[in-house]
Number of protein chains: 2
Amino acid sequence: MNPTLETFSQGEEIVTGHVIDTNAAWLSQQAVQLGFSVTRHTAVGDKLDDLVALLQEISTRADCCICTGGLGPTTDDLTTEAVAHAFGLPLVFDAFAFARMQQFFANRNKPMPEANRKQAMLPEGALRLDNDWGTAPGFAVQHQRCWFAFLPGVPSEMRPMFLEKILPTLPRRFSLKPSTLITLKTIGLGESDIQQRISAVAIPATVQLGFRASLNEVQTKLLFPNNYSITDRQSLVAQIAEPLGDHVFAIDGAGNQSGDLVAVVDALMTQHGKTLAVVETVSQGLLAGLCLGADWLLETRYEQSVGRLRSKLNITVAGDDLMAQAQIIATALQQGSDADYVLVQLYAGDKNQFNDRNQAIVLYNVLLAENGFKTATHTVAGSGKRKQNQAALLALDLLRRHLQQKA
Amino acid sequence: MNPTLETFSQGEEIVTGHVIDTNAAWLSQQAVQLGFSVTRHTAVGDKLDDLVALLQEISTRADCCICTGGLGPTTDDLTTEAVAHAFGLPLVFDAFAFARMQQFFANRNKPMPEANRKQAMLPEGALRLDNDWGTAPGFAVQHQRCWFAFLPGVPSEMRPMFLEKILPTLPRRFSLKPSTLITLKTIGLGESDIQQRISAVAIPATVQLGFRASLNEVQTKLLFPNNYSITDRQSLVAQIAEPLGDHVFAIDGAGNQSGDLVAVVDALMTQHGKTLAVVETVSQGLLAGLCLGADWLLETRYEQSVGRLRSKLNITVAGDDLMAQAQIIATALQQGSDADYVLVQLYAGDKNQFNDRNQAIVLYNVLLAENGFKTATHTVAGSGKRKQNQAALLALDLLRRHLQQKA
């Protein structure tokens, strides 16, 4: 049996729905991979009685609880006081924590408000968790069955504190059997296409198969139990990857993290030292926007009307063949540009088809690279926003395939 | 005292952190505006004992509970069974619900899987909530102190079911005093700037003032109690709006919903029948991408190097004055374009300053419109992504100010 873990989020802004609690999900993902069974998430507002009752409930129910929020300097930050009441621990002044807070303000040339003094009061006997990313220190305390850790609610403080101050101590405190998560990231295949392609692969019952489809990629996830052999794991991953072919743009896990498609393309373009110019139609600037700050992206143009673009580039030949048109545009654009590669994206369909989520449009992508043209045709459906996003990613994916073949 | 409401989300994908629970926040926002006090959010996985215990807890603690998820056809969808156990209600076959589900599949020319039959089993005496957006019917049941409503977890089914099947019945079931929320949406002012500007306005203690800063706008929120007079409300809103000046791009609430800055600009451009061409630098395609599908946006260009752009436009004059440069570029671009307006965005700073979250850059925005140039200068800081976003919005905001002055 895995040890059980709960999360607990404090904040009126969470229970009133003004802020979506992303901390619970983030912490739970970490906890599952570490080998915990996550059993419950709870969020409560700033009523002391509710907080006290909840802490007492959890202390008899879970082995571990990670609590976020309510450690700030204002009167509605009640977590520490609730811990004192719930577990019968008086609050004591922590001189070291206070000195760190004074230093935090001194570094910023700001006077420390008197209200912050409260943040240096910690429950007697608690383990202080220093906050290198903000003012409020966290703390940890055992009560009844449960080991509680209290962290600030701001994700930019909470996440590094969990990773650096809590995570390394958990294997000492709990008997954990961490599993290994391998994620195959694909583009251009739906979840059901993937299921069909891998249906012939025999997956042992101990390996958990899951899918996660987002706008940007489909992830095929394999969760291997702690005692699974590395050779067998690698063999199974290879069997799953094989029928997915070059739709797989990255395999993450077991120490390898490649990021999203844009990060993969960015690394490849930088490695090969090439530059790019782009004509966007359906993606309407999104392709450029996703590649923010990339040195290799020299220019992009969005044109609402392809006829208008043609006349600016002095192209006189028109015609019905959109792939041929895209090639002519790419050639014309390269003449006026010093970019190594040119990527042109055209589409068949009108404005109504573009905006109607029940109608599809056909994308014609052309990459003009060192050995001539690479082309790809795709049918995309869904809302205008979904079509825009798919168009940006599928154009970048043509570039990714070319660069991975070169490598 | 307002009646209390809790949310309860069922799903292993939620407690393991694979899906962020957005239903709890959405339902809570609705509930607060209706006049409930939201006291707690809970999420649990697919263990029957946990579900039963939670339902029993809530039935003695809250006046109303909206539950989402666990109504699907598979074996890990346990909510209905948990209700039966927790409240001692046998499950009975609902012939009407079953006929609707058969019709749902018939409309899609698909056979109904045998597993779906389970979704027509409802707790004895429960009120069936028909689902016009999917297969699983919801239901509602009173137990002890609490009125429970059970809805599917998919937001695209849950939200319309809440709005159409539950919301209209709540005033009959609870003594609710709905408040009125007015939101002033601004761009170009920080939260503390706003607080300082409105500090002289006397806000009655019964009106709740709040702020919400996102990447795209800062919202100043005023929550008026049920018995507040409309005249007094309008007068207070006007007093708050006055010192914020034309930073306010929309005032929402009490029946008026203008959407975000892009929606406001879109409505104004359509109303005035004007067209636009844009040069993006810092925003790098994002401005175009945000205006997805706008008929009035004829073209945008992103250029990494302004020198490169100048040479393409045959501009020979360079110089240190970026605002003057932007005006020359706008004029040159208009000559080759049939757009009514041209918007050009340049910036002072290098790549390092752009990427460093601790360094600021200065934006120079120029709008070439019917009566010559409008200009605006802004200092923006933060991560590259934040600078990109601010640059896109501040350029659009120059256009918004021009159009609102014309109107």
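Residues numbered from 1 in each chain as written. Chains lettered and ligands numbered in written order. Predicted model: local features only at pLDDT ≥ 70, side-chain atom pairs only at ≥ 80, totals over all residues. Heavy atoms only, no water.

Peer 1: I'd love a proper account of the overall build of chain A, names of residues and values included.
Peer 2: Along chain A, the regular secondary structure elements total 15 helices and 17 strands. Since a compact globule built from 407 residues should have a radius of gyration of about 22 Å, the 27 Å found for chain A marks it as more spread out than a globular shape. Principal axes of the C-alpha set define a box for chain A whose edges measure 85 × 55 × 40 Å. Residues counted as buried form 52% of the 407 residues belonging to chain A. Counting every atom, chain A has about 17500 Å² of accessible surface; 50% of that belongs to carbon and sulfur. (Helix = DSSP H or I, 4+ residues; strand = E, 2+ residues; numbered from the N terminus. Rg over C-alpha atoms; globule rule 2.2 N^0.38 Å. Buried < 20%, exposed > 50% of the residue type's maximum accessible area, 1.4 Å probe, protein only. Areas by Shrake-Rupley, 256 points an atom, 1.4 Å probe, with all protein chains shown as cover.)

Peer 1: Break down the interface of chain B and chain A for me, with residues and values.
Peer 2: Across the boundary between the two partners, chain B contributes 58 residues, which contact 58 residues of chain A. At the boundary of chain B with chain A, total buried surface from both sides reaches about 4500 Å², with 45% on carbon and sulfur atoms. Three residues stand out in chain B for area buried against chain A, namely Arg40, Leu292 and Arg308 of chain B, and they jointly supply 14% of the buried area on that side. Of the charged contacts in the structure, one is a salt bridge between glutamate 299 of chain B and lysine 312 of chain A, with a shortest N-O distance of 2.4 Å. Between chain B and chain A we count 42 residue pairs in polar contact (both at pLDDT 80 or more) in total. Of the pairings in the sheet, the one linking strand β2 (residues 37–44) of chain A to strand β2 (residues 37–44) of chain B comprises five bridges and is antiparallel in character. Bridge pairing links valine 44 of chain A to arginine 40 of chain B in β2 of chain B. (Contact = heavy atoms within 4.5 Å. Buried area = accessible area lost by both parts, 1.4 Å probe. Salt bridge = Lys/Arg side-chain N within 4 Å of Asp/Glu carboxyl O. Polar contact = N/O pair within 3.5 Å; in protein donor to acceptor, adjacent residues only side chain to side chain. Pairing = 2+ DSSP bridges.)

Peer 1: Please give an account of the domain arrangement of chain A that cites residues and values.
Peer 2: How big an interface is tends to be reported as the loss of accessible area on association of its parts. Structurally, chain A comprises domain 1 (4–173), domain 2 (180–258) and domain 3 (262–406). Each of domain 1 of chain A and domain 2 of chain A was reduced to a C-alpha centroid, and the two centroids are 36 Å apart. (Domains from an automatic or database assignment.)

Peer 1: Provide a residue-level description of the pattern of salt bridges, including the pertinent values.
Peer 2: All chains considered together, the criterion is met by 42 salt bridges over all chains. A salt bridge links arginine 400 of chain B to aspartate 397 of chain B, with the nearest nitrogen and oxygen atoms 2.8 Å apart. Residue arginine 400 of chain B and its partner aspartate 397 of chain B are both found in helix α15 (residues 384–406); the two are separated by three residues, about one turn of the helix. Comparing arginine 400 of chain B with aspartate 397 of chain B, the two get one shared label, buried. What you see here is one network of salt bridges that share partners, running through Glu6, Arg40, Glu57 and Arg61 of chain A together with Glu6, Arg40, Glu57 and Arg61 of chain B.

Peer 1: Before we move on, could you go through the packing of helix α3 (residues 48–61) of chain B against helix α4 (residues 79–87) of chain B and cite the residues and values that matter?
Peer 2: Residue and element names in this part refer to chain B. Running from N to C, α3 and α4 cross one another at 55°; their axes reach a closest spacing of 9 Å. When the axes of α3 and α4 are compared, the pair comes out oblique. The two elements α3 and α4 meet at a crossing, and its hand is right-handed. Facing α3, whose interface residues are Leu48, Leu51, Val52, Leu55, Gln56 and Ser59, α4 presents Glu81, Ala82, Val83, His85, Ala86 and Phe87. (Axes fitted to C-alpha atoms, helices over the stretch in contact; angles between N-to-C directions. Parallel < 35°, antiparallel > 145°, perpendicular 65-115°, else oblique. Left-handed = near helix turned anticlockwise from the far one by under 90°.)

Peer 1: Please give an account of α15 of chain B that cites residues and values.
Peer 2: Its 23 residues give α15 of chain B an end-to-end C-alpha distance of 34 Å, which sits within 8% of 33 Å, the value for a rise of 1.5 Å per residue. Counting buried residues in α15 of chain B gives 17 out of 23 residues, a clear majority hidden from the surface. (Expected span 1.5 Å × (residues − 1).)

Peer 1: Mind laying out the environment of glycine 88 of chain B, listing which residues take part and the relevant values?
Peer 2: Residues and elements named next belong to chain B. With respect to the secondary-structure elements, glycine 88 resides in the loop between α4 and β4 (91–93). For glycine 88, a relative accessible area of 59% corresponds to the exposed category. Considering only alpha carbons, one finds glycine 88 and alanine 202, 114 residues apart in sequence, at a separation of 55 Å.

Peer 1: Can you explain unusual backbone geometry? Please cite residues and give values.
Peer 2: The backbone phi angle of glutamine 144 of chain A is positive, close to 50°, even though this residue is not glycine. Structurally, glutamine 144 of chain A is set in the loop between β7 (138–143) and β8 (146–151). Look at glutamine 144 of chain A and you get exposed, because its relative accessible area is 55%. The backbone phi angle of asparagine 314 of chain B is positive, close to 60°, even though this residue is not glycine. The residue asparagine 314 of chain B is located in the loop between α12 (306–312) and α13 (322–335) in this model. Residue asparagine 314 of chain B is classed as exposed on the basis of its relative accessible area, which comes to 66%.

Peer 1: I'd like a description of the side chain of lysine 185 of chain A, backed by residues and values.
Peer 2: Of note, lysine 185 of chain A is situated in strand β9 (residues 180–186). Those residues in contact with lysine 185 of chain A, other than ones at most four positions away along the chain, are Glu217, Val218, Gln219, His247, Val248, Phe249, Ala250, Asp252, Gly259 and Asp260 of chain A.

Peer 1: Break down the packing of helix α10 (residues 261–272) of chain A against helix α15 (residues 384–406) of chain A for me, citing the residues and quoting the values.
Peer 2: Residue and element names in this part refer to chain A. Across the interface, α10 lies against α15 with an axial gap of 10 Å and an inter-helix angle of 45°. When the axis of α10 is compared with that of α15, the two are oblique. Both α10 and α15 take part in a crossing whose hand is left-handed. Contact with α10, carried on its side by Leu261, Val262, Val264, Val265, Leu268, Met269 and His272, involves Leu393, Leu396, Asp397, Leu399, Arg400, Leu403, Gln404 and Lys406 of α15 and no other residues of that element. Within the contact of α10 with α15, the residues separate by chemical class into ten nonpolar, two polar and three charged. (Nonpolar A, V, L, I, M, F, W, Y, C, P; charged D, E, K, R; others polar.)

Peer 1: Which residues make up the relation of the copies chain B and chain A, and what values go with them?
Peer 2: In screw terms, the move from chain B to chain A is a rotation of 180° and a rise of 0.3 Å along the axis, fitting with an RMSD of 0.4 Å. On the angle and the small slide along the axis, the relation comes out as a two-fold axis. A high fraction, 100%, of the interface residues of chain B reappear at the interface in chain A, so the copies pair face to face through one surface. (Least-squares fit on C-alpha atoms with pLDDT ≥ 70 in both.)

Peer 1: Account for the sheet that holds strand β9 (residues 180–186) of chain B, with residues named and values stated.
Peer 2: All names here are of chain B. A sheet is described by the order of its strands in space; here four strands give the open sequence β10-β11-β9-β12, paired in antiparallel fashion. What marks the edges here is a single partner per strand, and that holds for β10 (208–213) and β12 (248–252). Neighbour to neighbour, the strand axes of the sheet diverge by 15° on average, direction disregarded. Pairing geometry for β9 and β12, over four bridges, is antiparallel.

Peer 1: Describe in detail the sheet that holds strand β15 (residues 341–348) of chain B, supporting the description with residues and values.
Peer 2: The strand order β17(A)-β16(A)-β15(A)-β13(A)-β14(A)-β14(B)-β13(B)-β15(B)-β16(B)-β17(B) describes an open sheet built from ten strands, whose pairing is mixed. Among the strands making up the open sheet, the edge pair consists of β17 (372–380) of chain A together with β17 (372–380) of chain B. The average angle at which neighbouring strand axes cross in this sheet is 15°, direction not considered. Bridge count between strand β16 (residues 361–369) of chain A and β17 of chain A: nine bridges; the pairing is antiparallel.

Peer 1: Could you give an account of the pairing of strand β1 (residues 4–10) of chain A, naming the residues involved and the relevant values?
Peer 2: All names here are of chain A. Among the seven residues in β1, seven count as buried, and that is most of the element. Residues Thr4, Glu6, Phe8 and Gln10 line one face of β1 and the alternating positions Leu5, Thr7 and Ser9 line the opposite face, and both faces are buried. Strand direction decides the pairing type here: β1 and β2, joined by seven bridges, are parallel. Bridge pairing links glutamate 6 to arginine 40 in β2. In this structure, β1 lies alongside strand β3 (residues 64–68), joined through five bridges in parallel fashion. Residue pairing for β3: glutamate 6 is matched across the bridge by cysteine 65.

Peer 1: Break down the packing of aromatic side chains for me, citing the residues and quoting the values.
Peer 2: Residues and elements named next belong to chain A. As enumerated under the stated definition, the model contains 18 aromatic pairs over all chains in all. Judged by centre distance (6.3 Å) and plane angle (55°), the ring pair of tyrosine 347 and phenylalanine 354 falls under tilted. Lying over the aromatic face of phenylalanine 98, arginine 117 brings its terminal NZ or CZ to 5.2 Å of the ring centre. (Phe/Tyr/Trp six-rings, centres within 6.5 Å; stacked < 30°, edge-to-face > 60°. Lys NZ or Arg CZ within 6 Å of the ring centre and 35° of its normal.)

Peer 1: Account for helix α5 (residues 95–107) of chain B, naming residues and giving values.
Peer 2: All names here are of chain B. Over its 13 residues, α5 extends 18 Å from the first C-alpha to the last, a length consistent with the 18 Å expected when each residue adds 1.5 Å. Within α5, the full set of buried residues consists of Ala97, Phe98, Met101 and Phe105. Projected down its long axis, α5 shows its buried positions confined to an angular sector of 100°, all on one face. Relative to its buried face, α5 has exposed residues pointing more than 90 degrees away, namely Ala95 and Asn107. Its side-chain oxygen 3.1 Å from the backbone nitrogen of phenylalanine 96, aspartate 94 forms the N-cap of α5. (Arc of directions from axis to C-beta.)

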